[in-house]
Each structure stands twice: as structure tokens, then as C-alpha cells.
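Architecture at a glance
Residue-level listing of the chains:
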Amino acid sequence: MSMTHVKHESKWYPLEPEESVLDGLLRQGVAVPNSCRAGACQSCLMRATSGDVPDAARVGLKDTLRAQGYFLACVCKPVAGTRLEVSGADALRVAARIESVSPLSPSVLRVRLSTAAPLDYRAGQYVSLLREDGLARSYSLASLPREGLLELHVRRIPGGLMSGWLSEHARAGDAVSVQGPAGSCFYVPGRFEQPLLLAGTGTGLAPLYGIVRDALESGHTGPIWLFQGARTPEGLYLTDELRELARRHSGFHYRPSVLTGGSRDVAEGALDVLIRAECPRPAGFRAFLCGDSGLVLSLRKKLFLSGLSLKDLHADVFLPSTPRAEASGAR
Amino acid sequence: MSTAAQEKSVYEQMGGEPAMAAAVEVFYRKVLSDERISHFFEDVDMERQASKQKAFLTMVTGGPSSYSGKDMRAGHAHLVKRGLNDGHFDAVVEHLRSTLEELGVAAPLVARVLAIAGGARADVLNR
Ligand SMILES: Cc1cc2nc3c(=O)[nH]c(=O)nc-3n(C[C@H](O)[C@H](O)[C@H](O)COP(=O)(O)OP(=O)(O)OC[C@H]3O[C@@H](n4cnc5c(N)ncnc54)[C@H](O)[C@@H]3O)c2cc1C
Ligand code: FES
């Protein structure tokens, strides 16, 4: 069988059988931003200028990006013998600078960014944040487009490259760039009476915080339920702001919850049990789920089984980065 | 019955693509909640699972289908290795029957669909 070759910046690189474009380029020293390596975060976006990429490498991409030949390098395994010419996604990146980094809780940072040109996005979508050296991670937007500054909620991961840098070294004025937006977890005006169910753990709150405010500002009249989950009360954040929002909007129900250490104001128990108690018949709801994969995927399945239609289920899974054994290139 | 009506596929008589989209939700929900078979559908990518279910429903109702016997074999070989057998196949067919009945499909049409589904048994079970 003939070998596959990828051309990047006027040099050809051979791919091993079954190797992805991302792995092959990194192995041979080409710097390509990447994070999840599972087709979810869109950090590894590249553009094919000639040659064919399989459909699987374009799953989840917007039509406008597909039409321009963009694909996800981490899930792109070209048919054997393909000759593919590629370029990076620099054209899709917007220069940005860090405006502020401040704590929202002991474990969560609020990072505010300004962009050189306004970013066209819907509240709840996510972007890739790129450091100047090419380190890339995805973060959901907690801000609304009208607010100007982009707001991210970043959980501090012990030993985490991006979250560690943001919490210890990043300073106001630092240059970064932003790629995106991506993701379909956002509010679409219409069906204003439909009940909405939002649930997330940890920084899964970030997109939900944007979506809830977007829905309220768009004039949503149906009940809106927001379930925020954490292991302990210290894991919750923005509770005062959300309680205040609930005081101002009678249709908005805010339900913070923890696995241990509940109180008068904070429910204790598993998130899916609490959801079932408060929303026993969610058929006909529209749901938004964000955060760690285990919870999001199991909640999604439970909600589908209890009658939610797949088209009304919007979920973004925060897949962590997966390092390569022989890490090289951009990492 | 006129010949024209007879030539119409069940797919067309049910209402084509929109009807399939509605049917697949009901059908997939039944399949996922059945403990005898749900472990064969544990794929976390629900969208992809649902689109496979839809392709299956489209095929057995005589719609424009991308499935061939060869694809059915290849697509189920890994499940056969994990123990997929006649009992599981019967359970899926049963859910198909109750889905169609629930959606008000006329008995003769249900029978036609089940006959086509039954014809896929050898391919699905790789015999
Ligand atoms: C679509 C999408 C949206 C996202 N939105 C957000 C967001 O809004 N806020 C946010 O904080 N994060 C979000 N993430 C996760 C984020 O992209 C990074 O993975 C995370 O910030 C860790 O990056 P890091 O560089 O600090 O750690 P890394 O250097 O990447 O990781 C260090 C080690 O910790 C492990 N690790 C990383 N994350 C976790 C975790 N959550 N649990 C357990 N182990 C982990 C890694 O596998 C690695 O072994 C999102 C991810 C995706 C795909
Ligand atoms: S989508 Fe390719 S690395 Fe995340």
C-alpha cells in the first residue's frame, strides 16, 4: 500500500499507517496547537489546500469552515496513498490581550480578554485560547457579546499548563490569541414558553451563566432551572450573583448543590437525583449540559430516556487535554 | 387498492424523512431502556447512534437507504463477538413493532416492515 504524505510549509512529511495528521506532524517536529486529541476542542484546526480529508475529520465544524477546507488534524487519518497539502489556522485567530485575572473562588479564576476585533459569538459557545508559544486550551464563554470583554472561568488544575500559567504568571496586557467560536450549546430565541433546564458541575457553569442571561434578556417567559453541582460548597461560585438574578426573575430557579456539606441554601445529593425531584417530567424541555464528561453524558442519556428530544439536548463536554507519550512540537 | 398505492414504500406512506426522525426517537429510547440489549448501544456518541438507528429504520421501511447487507455484516461483527444473538435481535424487532404501532402505522404495513427487518437477521448476526 502506498504511503500517505502531508505537505506543510513546503516540506513533505510521511505518515505511518493509521497515524493522524496531528500525530505525524508533531512526531516530525512541526508545531500544531492541540489539546483533547479527540475531535472535541477544535484547537488542532488546519486547512487542506489540496487533497482529500475523510468526513470524520470535519464532524462538528461549521459549514463555512468546511467550505474553506478546514479539518481537525487529531482525527484526520487520510486514506492510504493520499497526498495532502495543509496550512495552519492562523487566519482564524484573533489577537487578544488579557485584561484581568481574578479569583471567583479558591479554585476558579475569572479571566477577561479584549480582542483586536469584535468576536462574533453566541453566549455559551467556546473558544480556543492560545498562548504566544502555541499552547492551546478550550474555554467556554461566560460573557454576552454586548459586554465587549470576553469572560472565561478557568479551574486551576494542579500541574495544569494553561490554568497554572493563567493563575501564576499571566498579567494584564499579556498578548494571547483566540480562535473560534465553536459549539452549539447556546440559546436560540423562539419558543419563549418552553421550560429550560441547565445543569453543570465546576466551571461547567461558565457557558450556563451566559446562556441563562441571554435567555432572560431575549424575553424567555418559560421557567428556567439552573442546577450547579460541586463536590463541596467551596466548589460553588457566583452563588450571590445567581441568587440575585433569581430574586429579580420569578421564572428563574437557581439550585446550587453539593455531594457533601449541604446547608439550608445548598442542596445535598447527586445532581441527577435533585433534577428528578425538581423537574420530574422534563419531556418537552430544552436542556443545556456542560462540564466533565461522565456527568454530562450520563445526564444527557437520562434526560433523553425521560422524554427530551435529541434536538432539544445541547451538551458541551469539557474534555481534558491528552498528552502524547513522546510529547513534542507545540507542547 | 390501486397499483400506485401498492408500489409506495412504507417509508413514503408513513411520511418520509420527518416521520423517520420522530420514529427514531421513540425506537432508540425503547432500545436504550431495555436492559437485555442496552449494553450493545452504550456508545457515548448519541447523535451517531441515533443516526445509525435512523438509517436502519429507513432501510426496513423501504426508504432511500445507504445500508447494504455487506455494511450490516461489517457494522455488527464486533457486537457478534460480544455475544449478540437471536434473543437480542428479537428484542430489537419487538421494539420496532411497538414503535410503529404507537405511531399509528397500519397493521399490514407493520407486518411488511417486520418482514424486511427479519430478513436482515442473517447479516446482523453474521451467519
Ligand atoms: C469544549 C471545551 C470547553 C471547555 N471549557 C472550559 C471552561 O470553561 N473552564 C475550564 O476550566 N475548563 C474548560 N475546558 C477544559 C480546558 O480546555 C482544559 O482542559 C483545562 O483548563 C486544563 O488545562 P491545563 O492546561 O491547565 O491542564 P493540562 O496541562 O492540560 O493538564 C494537566 C493534567 O491534568 C489533567 N486534567 C486536565 N483537566 C482535568 C480535569 N478537568 N479533571 C481531571 N484531570 C484533568 C490532564 O489530563 C493532565 O494530565 C474545556 C474543554 C473543552 C474541550
Ligand atoms: S479537536 Fe483536535 S486536539 Fe482537540
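Quick look at the structure, then. Bear in mind that the values here come from a model prediction, so they are computed numbers and not experimental data. Residue numbers run consecutively from 1 along every chain, following the written order of its sequence. Chains and ligands are labelled by the order in which they are written, letters from A for the one and numbers from 1 for the other. Local features are withheld for residues below a pLDDT of 70 in this predicted model, meaning they are given only at 70 or higher, and side-chain atom pairs are given and counted only at 80 or more; totals for whole chains, interfaces and linings count all residues. Computation of side-chain values covers all heavy atoms of the structure but excludes hydrogens and water.

**Looking at the interface of chain A and chain B**
Contact criterion: two residues are considered in contact whenever any of their non-hydrogen atoms come within 4.5 Å of each other. Of the residues lining the interface, 10 residues belong to chain A; the matching set on chain B comes to 10 residues. As a working definition, buried area equals the accessible area (1.4 Å probe) given up by two parts on being put together, with both sides summed. If you sort the residues of chain A by the area they bury against chain B, Lys301, Phe304 and Leu310 of chain A come out on top, with a joint share of 53%. Just to be clear on terms, a salt bridge is a Lys or Arg side-chain nitrogen sitting within 4 Å of an Asp or Glu carboxyl oxygen. Here chain A is connected to chain B by 1 salt bridge. Between Arg300 of chain A and Glu47 of chain B there is a salt bridge whose closest N-O contact spans 3.9 Å. In protein, a polar contact requires one atom able to donate a hydrogen and another able to accept it; more generally it is a pair of N or O atoms within 3.5 Å, and residues adjacent in sequence count only if both atoms are side-chain atoms. On inspection of chain A and its partner chain B, the count reaches 5 residue pairs in polar contact (both at pLDDT 80 or more). Here the side of chain A that touches chain B is composed, by residue class, of 5 nonpolar, 2 polar and 3 charged. When residue character is reported, Ala, Val, Leu, Ile, Met, Phe, Trp, Tyr, Cys and Pro are called nonpolar, Asp, Glu, Lys and Arg charged, and the others, Gly included, polar.

**Things to note about the pattern of salt bridges**
Residue and element names in this part refer to chain A. The full count for this structure, using the stated rule, is 28 salt bridges over all chains. Across the salt bridge formed by Arg112 and Glu151, the nearest N and O atoms sit 2.9 Å from each other. Residue Arg112 is found in strand S7 (residues 108-115), and its partner Glu151 is found in strand S10 (residues 150-155); the two are separated by 39 residues along the sequence. To sort residues, take the accessible area from a 1.4 Å probe on protein chains only and compare it with the maximum for the residue type: under 20% means buried, over 50% means exposed, and anything in between is partly exposed. On the accessibility criterion, Arg112 (28% relative accessible area) is partly exposed. Elements are defined by DSSP. Helices are runs of H or I of four residues or more, strands are runs of E of two residues or more, and each kind is numbered from the N terminus.

**Concerning the side chain of Thr99 of chain B**
Structurally, Thr99 of chain B is set in helix H6 (residues 86-102). Excluding its chain neighbours within four sequence positions, the residues that come into contact with Thr99 of chain B are Ala23, Val26, Phe27 and Lys30 of chain B.

**Quick look at the environment of Val124 of chain B**
Residues and elements named next belong to chain B. Its place among the elements puts Val124 in helix H8 (residues 121-124). For Val124, a relative accessible area of 7% gives the class buried. A C-alpha to C-alpha distance of 5.5 Å links Val124 and Arg73, two positions 51 residues apart in sequence. Contact partners of Val124, with chain neighbours within four places excluded, come to Met72, His76, Val80, Leu84 and Phe89.

**Some points on the site of ligand 1**
All names here are of chain A. In the vicinity of ligand 1 there are 21 residues, among which Ser138, His153, Met162, Ser163 and Ser321 approach most closely. Within the backbone of Met162, an N or O atom sits 2.7 Å from an oxygen atom of ligand 1. A 1.4 Å probe and the Shrake-Rupley method give the accessible areas. Residues count as covered only by the protein chains that appear here. Coverage of ligand 1 by the protein amounts to 80% of the 940 Å² it exposes when considered alone. Put simply, the parts of the chain that give the shell around ligand 1 at least two residues each are strand S9 (136-140), S10 and helix H3 (161-168). Among the elements that make up the shell around ligand 1, the one with the highest residue count is S9 (4 residues). Residue classes in the shell around ligand 1 are distributed as 11 nonpolar, 7 polar and 3 charged. Any residue with a heavy atom lying within 4 Å of a molecule or strand is counted as near it.

**Describing helix H5 (residues 239-248) of chain A**
Residues and elements named next belong to chain A. Among the residues making up H5, those that are buried are Thr239, Leu242 and Leu245. Buried residues of H5, seen end-on, are gathered within an arc of 125 degrees and therefore sit on one face of the element. Across from the buried face of H5, at angles greater than 90 degrees, the exposed residues are Asp240, Arg247 and Arg248. What the arc describes is the spread of directions from the helix axis to the C-beta atoms.

**Notes on the sheet that holds strand S16 (residues 286-291) of chain A**
Residue and element names in this part refer to chain A. Here a strand pair is declared whenever DSSP counts at least two bridges between the two strands. Taken together, the 6 strands give an open sheet; going across it, the order is S15-S14-S13-S12-S16-S17, and neighbouring strands pair in parallel fashion. Each edge of the sheet is formed by a strand with only one pairing partner; in this case those strands are strand S15 (267-268) and strand S17 (313-317). Relative to S15, strand S14 (residues 252-258) runs parallel, the two sharing 2 bridges. By the bridge assignment, Ser257 is partnered in S15 with Ala267. Orientation is described by axes fitted as lines to C-alpha atoms, over the contacting stretch for helices, and by angles from 0 to 180 degrees between their N-to-C directions. Running over the sheet, H5 touches strand S13 (224-230) and S14 and is turned about 150 degrees from S14. Sitting on the sheet, helix H6 (residues 271-278) touches strand S12 (196-201), S13, S14 and S15, and the angle it makes with S13 is about 155 degrees.

**Some remarks on the layout of surface pockets**
Residues and elements named next belong to chain B. Grid points spaced at 1 Å and placed over the protein atoms alone form the basis of the search, with a cavity being a set where a 1.4 Å probe fits but cannot get out and a pocket an open set showing protein on both sides within 12 Å along at least five of seven lines. Lining residues have an atom within 4 Å of a point. Grid points are joined across faces, edges and corners, and a volume is the space filled by probe spheres set on the points. Reported here for the second largest pocket is a volume of approximately 630 Å³. Forming the walls of the second largest pocket are 28 residues, and the residues nearest its centre are Phe41, Gln53, Tyr67, His76 and Leu79. Breaking the lining of the second largest pocket down by element, the ones donating at least two residues are helix H3 (16-33), helix H4 (46-60), helix H5 (69-81) and H6. Counting residues per element, the lining of the second largest pocket draws most heavily on H4, at 6 residues. Broken down by class, the residue content of the lining of the second largest pocket amounts to 15 nonpolar, 9 polar and 4 charged.

**A short note on the nonpolar core**
One finds Leu197, Ala199, Phe227 and Leu313 of chain A together with Leu96 of chain B to be the most contacted residues of the largest nonpolar core, which totals 55 residues. Every residue in contact with Leu96 of chain B, bar those within four places of it in the chain, is listed here: Phe27, Phe56, Leu57, Val60, Val113, Leu114 and Ala117 of chain B. Core analysis: the second largest hydrophobic core is formed by 26 residues, Val6, Leu15, Leu26 and Ala48 of chain A among them. Side-chain atoms within 4.5 Å are what join buried Ala, Val, Leu, Ile, Met, Phe, Trp, Tyr and Cys residues into a set we call a nonpolar core.

**Considering the side chain of Ser105 of chain A**
All names here are of chain A. Along the chain, the position of Ser105 falls in strand S6 (residues 93-105). Polar contacts involving the side chain of Ser105 include one to the main-chain amide nitrogen of Val108, which spans 3.2 Å. Beyond its immediate sequence surroundings of up to four residues, Ser105 is in contact with Glu234, Leu236 and Tyr237.

**Some thoughts on the packing of aromatic side chains**
When the centres of two rings from Phe, Tyr and Trp lie within 6.5 Å, Trp using its six-membered ring, the rings pair. Their planes under 30 degrees apart give stacked, over 60 give edge-to-face, and anything left gives tilted. Summed over the entire model, instances satisfying the criterion amount to 3 aromatic pairs over all chains. With a centroid separation of 6.2 Å and 10 degrees between ring planes, the pair formed by Trp225 of chain A and Phe227 of chain A is classed as stacked. By relative accessible area, Phe227 of chain A is classed as buried at 1%. When the ring of Phe27 of chain B is compared with that of Phe56 of chain B, the centres are 6.2 Å apart and the planes differ by 20 degrees; the resulting orientation is stacked. One end of the pair, Phe27 of chain B, is in helix H3; the other, Phe56 of chain B, is in helix H4, with 29 residues separating them in the sequence. The exposure classification of Phe27 of chain B matches that of Phe56 of chain B, with both residues buried. A cation over an aromatic ring shows up here: Arg213 of chain A above the ring of Tyr209 of chain A, its NZ or CZ 4.3 Å from the ring centre. Sitting over a ring, as applied to charges here, requires NZ of Lys or CZ of Arg to be within 6 Å of the ring centre and within 35 degrees of the ring normal. One residue, Arg29 of chain B, lies across the ring of Phe304 of chain A, its end atom 4.5 Å from the ring centre.

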